[in-house]
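A closer look at the structure
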Amino acid sequence: MRFPPFNPKLAVAIGVIAVSFTAVLVKLADGVPASIIANYRLLFAAIILLPFILIAKRNEWKRLNLASWLLLATSSILLALHLTLFYESLHHTTVASSAVLVALQPIAILLMGGILSREKFSAGAGISMIIAFIGILIILVGDYRLGGSDFYGDCLALGSMLSLAFYFMIGQKVRMYLSLTSYTFYVYAGGAVVLAAANMATGTAFTGYQGADWLSMITLALLPTFLGYTLFNWALKWLQASSVQTSLIFEPAGSVILAFIILHERVPGTQLLGGAIILFGLFLFIMSTARKPKVTISKK
């Protein structure tokens, strides 16, 4: 077996750190509407990928029929919705609540897939879902009692998680005809077009933001989007998918630590308890479904 030129486990660790900056970067661009942050993140990421498409993947679009284009368009809309809801949730609740709730998408994928196909869950998957659901209730009830906008932010995060789950379920069908690079480029570009149209329709300004806001939006495209998920996908050549998925459990924890260090954000006790229970449930879930291909790596 040929050895990798770079330690894949170290690559995954760097990827987790890179992706953990997502929520902090959104919080740092607090003066920018969520739909604009999502719009520019997808646009910048598509521009970064464009040379790879033009050089190596320029003919892959010919494999798509009308049904595939419609699925690709639906994936773009769902990705745009996921990012907008996630970023908006961060304007209302803490990084801890938002990050762990969005991280539940692997469970949502299996649950929705099981309902649609009427497949039975394993005992381990069922137990892990119950544990994660208890964690969700603790966060929601705690934030509702706290008052303010935290509960609203939690609901937005759950909506973002569901949008992401549907995005991956549809994307699995389109990926049968496209490479990862081409699929990613088309949904990023499509999502950017969808959000641009929505922002123009609502009269949301595309310019007039501070230099620090632009820096945060550009860094979103470079650090978590391009670097983080490039490292994950490269590491999948050398590591089992379950190993990479398990490492991503540390992403919400990394986001909370970075939010505390950079933003000085403190987390209520109910959010910490509920988040810890959710992450434990996610760990059990990934372990119990490690050999099933339906679980997909989360991409924020």
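Residues numbered from 1 in each chain as written. Predicted model: local features only at pLDDT ≥ 70, side-chain atom pairs only at ≥ 80, totals over all residues. Heavy atoms only, no water.

Details of unusual backbone geometry
The phi torsion at His264 lies on the positive side, around 55 degrees, for a residue other than glycine. Note on placement: His264 falls in the loop between helix H11 (250-263) and helix H12 (269-288). (Helix = DSSP H or I, 4+ residues; strand = E, 2+ residues; numbered from the N terminus.)

Considerations on the pattern of salt bridges
A full pass over the atoms with the stated rule returns two salt bridges. Close ionic contact of Lys27 with Glu265 constitutes a salt bridge, the shortest N to O distance being 3.3 Å. Of this pair, Lys27 sits in helix H1 (residues 8-28) while Glu265 sits in the loop between H11 and H12, placing them 238 residues apart in sequence. Both residues of the pair, Lys27 and Glu265, count as buried. Glu60 serves as the salt-bridge partner of Lys57, at 3.8 Å between the closest nitrogen and oxygen. (Salt bridge = Lys/Arg side-chain N within 4 Å of Asp/Glu carboxyl O. Buried < 20%, exposed > 50% of the residue type's maximum accessible area, 1.4 Å probe, protein only.)

So, the nonpolar core
Core analysis: the biggest nonpolar cluster contains 73 residues, and Tyr87, Leu101 and Leu104 have the highest contact counts within it. For this core, the element with the most residues is helix H2 (residues 34-56), which contributes 11 residues. Not counting residues up to four positions away in its chain, the partners in contact with Leu101 are Ile136, Ile139, Asp154, Ala157, Leu158, Met161 and Ile278. With nine residues, the next largest nonpolar core counts Val12, Tyr229, Ala235 and Leu248 among its residues. (Core = buried A, V, L, I, M, F, W, Y, C linked by side-chain atoms within 4.5 Å. Contact = heavy atoms within 4.5 Å.)

A closer look at the environment of Ser20
Counting through the fold element by element, Ser20 comes out in helix H1. For Ser20, a relative accessible area of 2% gives the class buried. When the C-alpha positions of Ser20 and Ala253 are compared, they lie 8.1 Å apart, and in sequence the two are 233 residues distant. When near neighbours in sequence (up to four residues on either side) are disregarded, Ser20 contacts Phe250, Glu251, Gly254, Ser255 and Leu258. Engagement of the side chain of Ser20 in a polar contact is seen with the backbone oxygen of Val16, the distance being 2.6 Å. (Polar contact = N/O pair within 3.5 Å; in protein donor to acceptor, adjacent residues only side chain to side chain.)

Looking at the packing of helix H3 (residues 66-90) against helix H7 (residues 150-174)
Across the interface, H3 lies against H7 with an axial gap of 8 Å and an inter-helix angle of 160 degrees. The angle between the axes of H3 and H7 places the two elements in the roughly antiparallel class. Crossing hand, H3 versus H7: left-handed. For the contact of H3 with H7, a count of residues per class yields 14 nonpolar, 10 polar and two charged. (Axes fitted to C-alpha atoms, helices over the stretch in contact; angles between N-to-C directions. Parallel < 35°, antiparallel > 145°, perpendicular 65-115°, else oblique. Left-handed = near helix turned anticlockwise from the far one by under 90°. Nonpolar A, V, L, I, M, F, W, Y, C, P; charged D, E, K, R; others polar.)

Observations concerning helix H9 (residues 211-235)
Taking 1.5 Å per residue as the helical rise, H9 with its 25 residues ought to reach 36 Å, and the 34 Å between its terminal C-alpha atoms agrees with that figure. The largest bend in H9 amounts to roughly 35 degrees and is located at Thr219. (Expected span 1.5 Å × (residues − 1). Bend = angle between axes of the 7 residues up to and from the residue.)

Quick look at the confidence of the model for the protein chain
Per-residue pLDDT for the protein chain averages 86, and the proportion of residues at 70 or more is 91%. Within the model, the stretch residues 292-299 combines pLDDT values under 50 with 34 contacts to residues more than four positions away or in other chains. (pLDDT = per-residue confidence, 0-100.)

Regarding the environment of Leu223
Along the polypeptide, Leu223 turns up in helix H9. Sequence separation between Leu223 and Leu25 is 198 residues, and the spatial gap between their C-alpha atoms is 10.0 Å. When residues no more than four places from it in sequence are discounted, the contact partners of Leu223 are Ala18, Phe21 and Gly228.

Concerning the environment of Ala34
Note on placement: Ala34 falls in helix H2. Spatially, the C-alpha atom of Ala34 lies 30 Å from that of Met129, the residues being 95 residues apart in sequence. In contact with Ala34, not counting residues within four places along its chain, are Thr84, Tyr87, Glu88 and His91.

Details of the layout of surface pockets
For the second largest pocket, the calculated volume is near 270 Å³. Elements with a contribution of two residues or more to the lining of the second largest pocket: H2, helix H8 (180-202) and H9. Sort the elements by how many residues they give to the lining of the second largest pocket and H9 lands first, with six residues. Class assignment for the residues of the lining of the second largest pocket results in nine nonpolar, five polar and one charged. (1 Å grid on protein atoms, 1.4 Å probe; cavity = no way out; pocket = protein on both sides within 12 Å on 5 of 7 lines; lining within 4 Å. Points joined across faces, edges and corners; volume = space filled by probe spheres on them.)

Quick word on the packing of H2 against H9
It is at 9 Å that the axes of H2 and H9 come closest, and there the two elements cross at 55 degrees. Taken together, the axes of H2 and H9 are oblique relative to one another. Relative to H9, H2 is oriented so that their crossing is right-handed. On H9, the residues that touch Ile36, Ile37, Tyr40, Arg41, Phe44, Ala45, Ile48, Leu49 and Phe52 of H2 are Trp214, Met217, Ile218, Leu220, Ala221, Leu222, Pro224, Thr225 and Phe226.

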